[in-house]
Each structure stands twice: as structure tokens, then as C-alpha cells.
Amino acid sequence: MRPNGEPAAPPRGPTMEDVAAAAGVSRSSVSRVFLGQGKVSDATRARVFAIAEQLGYVPNIMASELASRGSSVVGLLLRDAANPAYGLLFTKLQEAAHEAGITLISMTISSDPRGSRQIDSLNRLMGMRVAGLIVATGGVTSSQLEPFRDRIPIIRAGRPEESGRIHAVSYDERISARALAAHVADQGHRSVAVIVTQEHASYPEYIRATGMAAELAARGVRIVPVPAVEFTDGADEAVDLVRRREVTAVMCPSDLRALHLLRRLDAAGLSAPGDVSVSGCDGILPGIDLLGLTSYRIGVERLAERTIANIAALIGDEPPQGIVRELIPGRLLSGTTVAPPLEQEPR
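About the cut-offs
Residues numbered from 1 in each chain as written. Predicted model: local features only at pLDDT ≥ 70, side-chain atom pairs only at ≥ 80, totals over all residues. Heavy atoms only, no water. Helix = DSSP H or I, 4+ residues; strand = E, 2+ residues; numbered from the N terminus. Expected span 1.5 Å × (residues − 1). Buried < 20%, exposed > 50% of the residue type's maximum accessible area, 1.4 Å probe, protein only. Contact = heavy atoms within 4.5 Å. Arc of directions from axis to C-beta. Pairing = 2+ DSSP bridges. Axes fitted to C-alpha atoms, helices over the stretch in contact; angles between N-to-C directions.

**Brief notes about helix 9 (residues 203-218)**
Thought 1: With 16 residues, helix 9 ought to run about 22 Å at 1.5 Å a step, and its terminal C-alpha atoms sit 22 Å apart, in line with that.
Thought 2: Turning to helix 9, its buried residues number three or more, namely Y203, P204, E205, I207, R208, A209, G211, M212, A213, E215 and L216.
Thought 3: Looking at the buried side of helix 9, the elements it contacts are helix 8 (173-186), strand 6 (191-197), strand 7 (222-228), strand 8 (249-251) and helix 11 (255-267).
Thought 4: Positive backbone phi, approximately 80°, marks G220, located one or two places after helix 9.

**Looking at helix 3 (residues 42-55)**
Thought 1: Between its terminal C-alpha atoms helix 3 stretches 20 Å, which fits the 20 Å expected from 14 residues at 1.5 Å a residue.
Thought 2: Within helix 3, burial applies to V48, I51 and A52. Viewed end-on, helix 3 has its buried residues packed into an arc of 100°, placing them on one side of the element. Facing away from the buried surface of helix 3 by more than 90 degrees, the exposed residues are D42, A43, E53 and Q54.

**Section: the pairing of strand 5 (residues 167-171)**
Thought 1: Counting buried positions along strand 5 yields 5 of 5 residues, so the element is predominantly enclosed.
Thought 2: Alternating residues of strand 5 divide into H167, V169 and Y171 and A168 and S170, and every residue in both groups is buried.
Thought 3: Here strand 5 pairs with strand 11 (residues 325-328) via 4 bridges, running parallel. When the bridges of strand 11 are listed, V169 appears paired with E326.

**Observations regarding the sheet that holds strand 5**
Thought 1: Read from one edge of the open sheet, 6 strands run 2-1-3-4-5-11, paired in parallel fashion. Two strands lie at the open edges of the sheet, namely strand 2 (103-109) and strand 11, each paired on one side alone. Strand after strand, the sheet turns through a mean of 15° between neighbouring axes, direction not considered.
Thought 2: Bridge analysis of strand 1 (residues 73-79) against strand 3 (residues 132-136) gives 5 bridges, and the strand direction is parallel. Bridge assignment links L77 to a residue of strand 3, and that residue is V135.
Thought 3: The strands touched by helix 13 (residues 300-314) are strand 1, strand 3, strand 4 (154-158), strand 5 and strand 11; relative to strand 5, the strand with the most contacts, the crossing angle is about 175°.

This is how it looks when you write it as C-alpha cells:
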């Protein structure tokens, strides 16, 4: 506390000037060391790093890169990392970014159906003067992203992109939906419940669910749509359909929804595939092979690699012409929770 009663200013941390003085070199030499630039001897570089560590100096990477008129700092907006699919994507994006010499500044959002909080987060990242943006969430529409696209390189990671103006590396959700639906139909199921997520809640799950329904319908399978928003929605209704023997299979647009359904079935004294076949989609859950869940394994690793490669090119000196549009395939995990129905036709 100051004598006049005002709070004391926080203690000043060590500066680049402090490091330069202690190391006996110029400030510009210290700057070149932390920017990784040449024109500095190995001995000077080692001394600067040693003094910086001794003083506890941490360089302001963003300010340094802005001063050098270049930046490899990219903002990442991620859906709730507690979701295994997004958690793995976050890890793989960080790994790929490190290999490419890119620094990611990330913000995560859990529940935000209309996207307003996510747009606020993108604006905050823009305020940090990032060189580009990666949007790894299905809760922001193309029209919400287009104003950012006019100001900074931006790429969507994961969600299928319908706009002709937004760069995107996406999972091939339609392929995954068709593969899962074909597998269920090929097992002999003729009446199937599909948990359908609303578009604004999760666009990827919406694409999966509508794609599953379309493929089943094309194969002459009767479809019972079950509306859902939150990941717990639709499970009890699906259990009732199984009890009434109106369906022999339930298709879920994510593994988390499938796991919740399996819990509700177990609580009701029912099981998969004994009483009903159940499928999910993502294929990322740890131990999914032990669970035997029938799912579709999305290509997270490849998607992360291609997203970072593309954003690196977009923020580079010679960005590519045209709109980046890549679809990343995955593979079917046949599992054990989908099997031929005990009765070919439900009552």
C-alpha cells in the first residue's frame, strides 16, 4: 500500500533490457536469440538463455513476432475438450502445430447452442493479434464465420462446411453415416430408431443422423426418428421403443449418446445386442475395443495434420489460391453391439 492509501503497483518482471544488461549484449541481440534468427554466435545464444533462465525472464512471443512483421501464432476455438473426440483432436493439433513451428492459443466452449459465446471467443482471439484462426467446433455456422474470413485466414476443422467461402478440412460424415447404416441393414434390421440431433445443437451429429436415415430409407428400412439436443436426450424414448418391440436397432450419431443409451438399457433390464442392436459414431473412446461398441472411427490424426498444414500455408507469404476443401475418411468398427435381430420383423 502506498502512503496515500492507493494499492501498490504489482512488481515488475524482468525485461529484455534486464537480460541484455546482465548478459553484456545489446537488446537487439537478445531479441534475435528469442526469435531464432541468425547473426548471433552460439556462445552469445547460450549466455542469453542462461541469463534469462536465471532472471526468470519469459519473452512475449506475440509482441516479438509482431515487431518482426511476421507471426506463427494461431488461435484455436475448440468444442468441449471433455468430449473424447475433441480432446484427441486438441492433442493432435498441438502436436502437428509444434512440428510446423506454429504456436496455438486455444479457447474452449462447452454449451453454446446459438454460437454467441463462440463468436465472442473468436473476437478475443482476434484481439490477441493472431495470424490465423482454426475453428474446431460444430456450433458456429458459416454465416457467423464469414465476417472473420474477410479479416484473417480462417479454417474449419472437423465440421462439414457447406459455404463456398470458408476453408475446411472435415470428417467425411456422409461416408460414415452410410457405412454404419449399411452395416445395420445388412444384419437384417427392418425397423430402426435413429437419434436425430438438431442442426443448431451439433451440426456434425445432425449430418450423421440424417445421412443414416437416408441410407436406411434407400434400403427399404422403416425409420423411427427420435429428436434430441443434449447427449442424454432420446435414450428413454428409444428404450420404450425397444420395450414395445417397435424397433430392433437404435443408431446414435455419437459414441457418448450410444453409451448413455446402453446405460439406460441396462437399467431397464435390456442389453445389446441381445434385445436391441446399438451403434455409435466417433470410435475414439478409450477401451472401445473392450466395450465392443459398433461405431465408425473418424480420422482425427490425419485431420489434425492437414488442418495445420493448410493454416500454415494460408498465413504464409504465398497463400494458396481458391478455397481449401478436404474430406478425411475413417473406418467402420463392426464391434459386437450390432447383430442380426432375434425377430426379423418387430411386433
